[in-house]
Amino acid sequence: MLDFKRSNFVVLVSLTFGLSQLPPTLAEETFRVSNGLVAFYTFEAGRGDMIKDRSGNGAPMDLRIQDASAVSWGDGSLDVRSATKIFSIGSAGKLVDQLKRSNALTVEAWIKPKNTIQKGPARIVSLSSNSVQRNITLGQEGDRYQVRLRTTSTSDNGLPETESGKGKVTTRLTHVVFTRDRNGNVRFYLNGKQTASKLVSGKFSNWDDGFPLVLVNERSGGRPWLGELQLVALYSRALRVPEVSENYQAGPSASVDPREAQRLAKVRAEQTFATKIAPILARHCLECHDSASKKGDLDLSRQSAAFAGGESGNVIVPGKAAASLLWEQVESGDMPPSGPGLTSTDLTLIRKWIDDGAAWSIERIDPAVYASNPGASDSWVQRLTIPEYIETVRSTVGVDISEEAVQMLPPDLRADGFSNTAYNLSVDLKHVEAYAQLAEKVVGRMDVLSFAKRFSHSQSLNTDATARDLVGKIGEWLLRGPLDDREISNYSGILTAVASAGGSFEQGVGLMIEAMLQSPRFIYRIEQQPAGSSSQRVSDFELASRMSYILWGGPPDARLLKVAREGRLADRDRCREEVERMLKDRRAVERSKQFAADWLNLSRLTNMRPNSARYPSWTPELGMDMRNETLAYFEEVAWKQGRPLNELFDAQFTYATPRLAKHYGLKPRGEGLRRYDLSSEPTRGGLLTQGSVLTIGGDDASMVTRGLFVMRDLLRGVIGAPPPGVDTTPVPPSPGMTHRDVAEDRIRNESCGGCHIKFEPLAFGLEQFDGLGAFHRQDEFGNTLRSDGQLVIPGEAKPQKYKTPAELMKLLSSSDRVRETLTWKVTQFALGRPLGARDATEVQRIHEAATDAGGRYADLVTAVVMSDLVQKARGQKGVD
């Protein structure tokens, strides 16, 4: 027998005919493109009535053969011999959702038609309901392939259709590919070669979520296709020419690149560690085994230290839980030694993690990452805050409603450190009533006719088409995206009703605008919720809205909406170009100052009522001066000087009115808010020496409150609530006993010291500032006050000593932990939700990108906008 390997045959054929002429089944082994794959079906099962979705994208969308007797299984193929249909089991929502978001797709099939006379078109792949309602259909119309694609510019039946060209259908095995990119460019490919192209404009926003995926027939029947199926795939993007060629060369029996599968497995393992294992270690182990405590010389907060082990040797043996001391300790219940133990679910996760190789995906397990309540990081609907509502009205219709909005709307309450936290932005009856009254007031101040002319020069609503066109254009502007048919009909109904009652064009449009201004789409930032747990790219209009509210605290302008309408925000370069443009607008500065005010809770200064006997010079105006000082200082550092945000803590200047300068012991110079050089003032300089921050401690300049602020808001430290029944009444200073002495007594107390040692020493350097931020060498009892201490960064073992407030400010300014905290705080404010474990890796990327760019506020928000946290929406099933 001749010993002749297949590879020898490939070489021989390639020498004879040229490699490019090889049939796909003989070409050198290649793999299929997997990026963007949403559904993937092959037909090697050989029996049964089920066809598995092998895409690996979210929940599988398996198919069922309605009549198994109508088909016969072959070697990697399914021969459809008589009319039947193959349909998705359950909803095809995953597919529809991802294609609507991307506004792009690829339909690919390896097929062998039975003949060249099938018509209807005979359905090969269809996402449809019946013969006249579809999202997309790939079919055969005689000797040509045809695609009917529904968009906002085509009919519900997907007409006009796109065809492959005459005479393109044969009864040979054929690779058929149809692509459509975000800009509407469609292309047909047969056997790796393009045969047709055209423009099919519009969006997929009118696609029906309820249509199933059906092969070889229409859902309602009557459009059967006969022939052989070998592969069907759908992508949420348009494959490029080289990728179409790659899939053709791979052939119908090729699999997804195993390297991609390995990459995905690695990513899943890393995600499991970050979202499942690290939280267990953070909540149950790090109190005793972090870099600072290191009980038994074991540090479980860092990968290298954890795998190095402790006094008892190695505690983690990757791949072997049974041989791992860590598993032995947690299984026996010896760890943790106190507090709630691990649940059975926790134990299962730990064992499986070790047995699977103990993947470790983050540099350091940070308890702060897991501090937020589960579910708090998931938000799909976000009400506009009062400042955002005011800016949205001003930007869209040119009316300043600030005074009335502040008076009429209930205040936005703080949660998780900010007042724009989505889960806390509820709406009650007072909101509903206020929005209705405010909408009426806004329209009453508008020049409705001039406003309407921006969208249509016609002031006649004689035809339904004219009315719908006006509604669509005004609606897109006010509601930050296109309206669907139902919304257009509802708002058009207002115009029709007014016209029928003899009302004027102005009255009709005014009432329509009033309705829009109190609609959920105006009051809320509403986004389409992704199915499953995987991340998906947001639509261009959703991205435009995210960008504008992050950068401006208001709605997209006309240019940004135009870019979104054209589908160009998907281009990262164009998106970055828009970010750079928007950062040059004054609104970006004001939005950043909203962040600073919210982060530092400056609104509390409005309601401060210090003890008048202790602080007789206090006035509400002094509190406003403190607020203005901090905001002017922030603007100077972040924008005018363009310095890294960490330099907020030691910049040697400030702003003060004569009243505030006198309070600080500075020599007043001129009226109003003036800039003061503090380079020769050893006790002032930096954010923490400003009254707006120092007043956090209350009348008594509480070490507890100030220390907790530094720990939580500057160092992202985590500390639990005091045990039930513990007396938390502050102990006041007294002759011979300063605030620091009281704090040191608490730290020495066995029942209190374990927690208080973590945060009270952080405030020792601020003891010389009283409750209103004035500087003193002695307190009211004549006790000498000190400013020396040591800074302990969470997760670090070595404390850093300082002697003066200025040295403390330098340590904070140079701390990597403080820089990271600023990244987390800005990101949280930008997203309007707490950050959790699923965000940690991306936040780290944001931090690195911003730091590399210079660490300025503009660098940071740019990195946030360009990150997956803004560019994509994550699935609803993920947990922190």
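Residues numbered from 1 in each chain as written. Predicted model: local features only at pLDDT ≥ 70, side-chain atom pairs only at ≥ 80, totals over all residues. Heavy atoms only, no water.

Chemist: Got a minute to help me understand helix α3 (residues 241–250) in this structure?
Modeler: Three or four residues apart is the spacing at which side chains of an α-helix point the same way, because the helix has 3.6 residues per turn. Buried within α3 are the following residues: E243, V244, N247, Y248 and A250. For α3, the angular spread of the buried residues around the axis is 165°, confining them to a single face. In this structure, the buried side of α3 is in contact with β7 (105–113), β12 (174–180), β13 (185–190) and β16 (227–235). (Buried < 20%, exposed > 50% of the residue type's maximum accessible area, 1.4 Å probe, protein only. Helix = DSSP H or I, 4+ residues; strand = E, 2+ residues; numbered from the N terminus. Arc of directions from axis to C-beta. Contact = heavy atoms within 4.5 Å.)

Chemist: I tried to follow the packing of helix α12 (residues 464–479) against helix α14 (residues 505–517) on my own but got confused; where do I start?
Modeler: In a pair of packed helices, the angle between the axes and the distance between the axes together describe the arrangement. Look at α12 against α14: their axes get within 11 Å of each other, and the N-to-C directions meet at 35°. Seen along the crossing, α12 lies across α14 with a hand that is right-handed. Contact residues: α12 offers L470, V471, I474, G475, L478 and L479, while α14 offers F505, V509, M512, I513 and M516. (Axes fitted to C-alpha atoms, helices over the stretch in contact; angles between N-to-C directions. Left-handed = near helix turned anticlockwise from the far one by under 90°.)

Chemist: Sorry, what's going on with the environment of E621 here?
Modeler: In this fold, E621 is placed in helix α20 (residues 620–640). For the pair E621 and K119, spaced 502 residues apart in sequence, the C-alpha separation works out to 81 Å.

Chemist: Would you take a moment to explain the pairing of strand β1 (residues 37–42) for this structure?
Modeler: Every other side chain in a regular strand lies on the same face of the sheet, so the side chains alternate between the two faces. Of all six residues in β1, six are buried; the element is thus mostly enclosed. Inspection of the sheet shows β1 paired to β16 by five bridges, in the antiparallel sense. If you follow F40 over to β16, its bridge partner there is A233. (Pairing = 2+ DSSP bridges.)

Chemist: It is not clear to me how the packing of helix α28 (residues 840–853) against helix α29 (residues 857–866) should be interpreted in this structure. Could you clarify?
Modeler: It is the contact of α28 with α29, at a shortest axis distance of 8 Å, that shows an interaxial angle of 140°. By crossing handedness, the relation of α28 to α29 is classed as right-handed. Between α28, through I846, A849, A850 and A853, and α29, the contact on the second element is made entirely by D859, L860, A863 and V864. A class-by-class count of the residues in the contact of α28 with α29 yields seven nonpolar, no polar and one charged. (Nonpolar A, V, L, I, M, F, W, Y, C, P; charged D, E, K, R; others polar.)

Chemist: Teacher, can you tell me more about the pattern of salt bridges here?
Modeler: Between side chains of opposite charge, a pair can form when the charged atoms approach closely. According to the stated counting rule, one finds 62 salt bridges in the structure shown. Residue E243 pairs with R240 through a salt bridge whose shortest N-O separation is 3.3 Å. Measuring nitrogen to oxygen at the nearest pair gives 3.3 Å for the salt bridge that ties K473 to D469. Here D469 and K473 lie together in helix α12, a separation of four residues that amounts to about one turn. Overall, K473 belongs to the partly exposed group, its relative accessible area being 40%. It is possible to trace a salt-bridge network through shared partners that takes in D557, R559, R574, E577, E578 and R581. (Salt bridge = Lys/Arg side-chain N within 4 Å of Asp/Glu carboxyl O.)

Chemist: So what exactly am I meant to see when it comes to the nonpolar core here?
Modeler: Judged by nonpolar contacts, the single largest core of 172 residues is most densely connected at I365, Y389, V509 and L688. The element contributing the most residues to this core is α20, with eight residues. L95, F178, L226 and L234 belong to the second largest nonpolar core, which has 47 residues in total. (Core = buried A, V, L, I, M, F, W, Y, C linked by side-chain atoms within 4.5 Å.)

Chemist: Would you mind showing me how to read the packing of aromatic side chains here?
Modeler: Given two aromatic rings, one states the distance between the centres and the angle between the planes to describe the pair. Using the criterion set out here, one finds 19 aromatic pairs in the structure. Between Y389 and Y435 the ring centres are 5.4 Å apart and the planes differ by 55°, which places this aromatic pair in the tilted class. Here Y389, found in helix α8 (residues 386–397), pairs with Y435, found in helix α10 (residues 429–445); they are 46 residues apart in sequence, far enough to count as distant. The class for Y389 is buried, based on a relative accessible area of 2%. On the basis of an interplanar angle of 50° and a centroid distance of 5.6 Å, the ring pair of F418 and F829 is categorised as tilted. With F418 in the loop between α9 (402–408) and α10 and F829 in helix α27 (residues 816–831), this residue pair connects regions lying 411 residues apart in the sequence. By the burial criterion, F418 is buried, and F829 matches it. (Phe/Tyr/Trp six-rings, centres within 6.5 Å; stacked < 30°, edge-to-face > 60°.)

Chemist: Looking at this model, I keep getting lost on the side chain of D713. Mind explaining?
Modeler: Note that D713 resides in helix α23 (residues 703–714). In this structure the side chain of D713 is engaged in a polar contact, spanning 3.4 Å, whose partner is the side chain of K825. Sequence-distant contacts of D713, that is, excluding residues within four places in its chain, are made with W599, L708, T821 and K825. (Polar contact = N/O pair within 3.5 Å; in protein donor to acceptor, adjacent residues only side chain to side chain.)

Chemist: Hey, could you run me through the confidence of the model for the protein in this one?
Modeler: Averaged over all residues, the pLDDT of the protein equals 90, while 93% of them reach at least 70. Confidence over residues 1–28 falls short of pLDDT 50; this stretch has 16 contacts with residues more than four positions distant or in other chains. (pLDDT = per-residue confidence, 0-100.)

Chemist: What exactly am I supposed to notice about α20 here?
Modeler: For α20, which comprises 21 residues, the first-to-last C-alpha distance of 29 Å matches the rise-based estimate of 30 Å (1.5 Å per residue) to within 8%. Positive phi shows up at G642, right after α20, with a value of about 60°. (Expected span 1.5 Å × (residues − 1).)

Chemist: Where do I start with the side chain of E578 in this structure?
Modeler: Structurally, E578 can be placed in helix α18 (residues 572–583). Setting aside residues up to four positions removed in sequence, E578 forms contacts with M547, R559, L560, V563 and L569.

Chemist: What exactly am I supposed to notice about the state of the cysteines here?
Modeler: Chemically, a disulfide is nothing more than a covalent bond linking the sulfur atoms of two cysteines. Summed over the entire model, instances satisfying the criterion amount to zero disulfides. With no disulfide of its own, C755 lies closest to C752 among cysteine sulfurs, the gap being 8.7 Å. (Disulfide = S-S within 2.5 Å.)

Chemist: Which parts of the structure should I look at to understand the sheet that holds strand β8 (residues 122–130)?
Modeler: Strand order in the open sheet formed by eight strands is β2-β3-β6-β15-β8-β9-β10-β11, with antiparallel pairing between adjacent strands. Whereas interior strands pair on both sides, the edge strands pair on one side only; in this sheet they are β2 (50–51) and β11 (162–163). The pairing of β8 with strand β9 (residues 133–141) spans seven bridges and is classified as antiparallel. Looking across to β9, one finds that R123 is bridged to G139.

Chemist: When you look at a nonpolar patch on the surface in this model, what are you seeing that I'm missing?
Modeler: A grouping of V427, L429 and V432 is seen on the molecular surface, where their side chains present a nonpolar patch of about 260 Å² in accessible area. Assignment of secondary structure puts V427 in the loop between α9 and α10. (Patch = residues over 30% accessible without salt bridge, like charges linked within 9 Å, V, L, I, M, F, W, Y side chains within 5 Å. Areas by Shrake-Rupley, 256 points an atom, 1.4 Å probe, with all protein chains shown as cover.)

Chemist: What is the right way to read unusual backbone geometry from this model?
Modeler: Excluding glycine, most residues fall at negative phi; most peptide bonds, likewise, are trans. Residue P121 is bonded to the preceding G120 through a cis peptide linkage, with omega at -10°. The topology assignment puts P121 in the loop between β7 and β8. Residue P160 is reached from L159 by a cis peptide bond, and omega for that bond is 0°. Its place among the elements puts P160 in the loop between β10 (144–149) and β11. Phi at N191 takes a positive value of approximately 50°, unusual for a residue other than glycine. As for its position among the elements, N191 is in the loop between β13 and β14 (193–199). Taking the relative accessible area as the measure of exposure, N191 reaches 29% and is therefore partly exposed. With a phi close to 60°, D297 is a non-glycine residue in the positive phi region. The residue D297 is located in the loop between α4 (258–284) and α5 (303–308) in this model. You can call D297 partly exposed: its relative accessible area is 42%.

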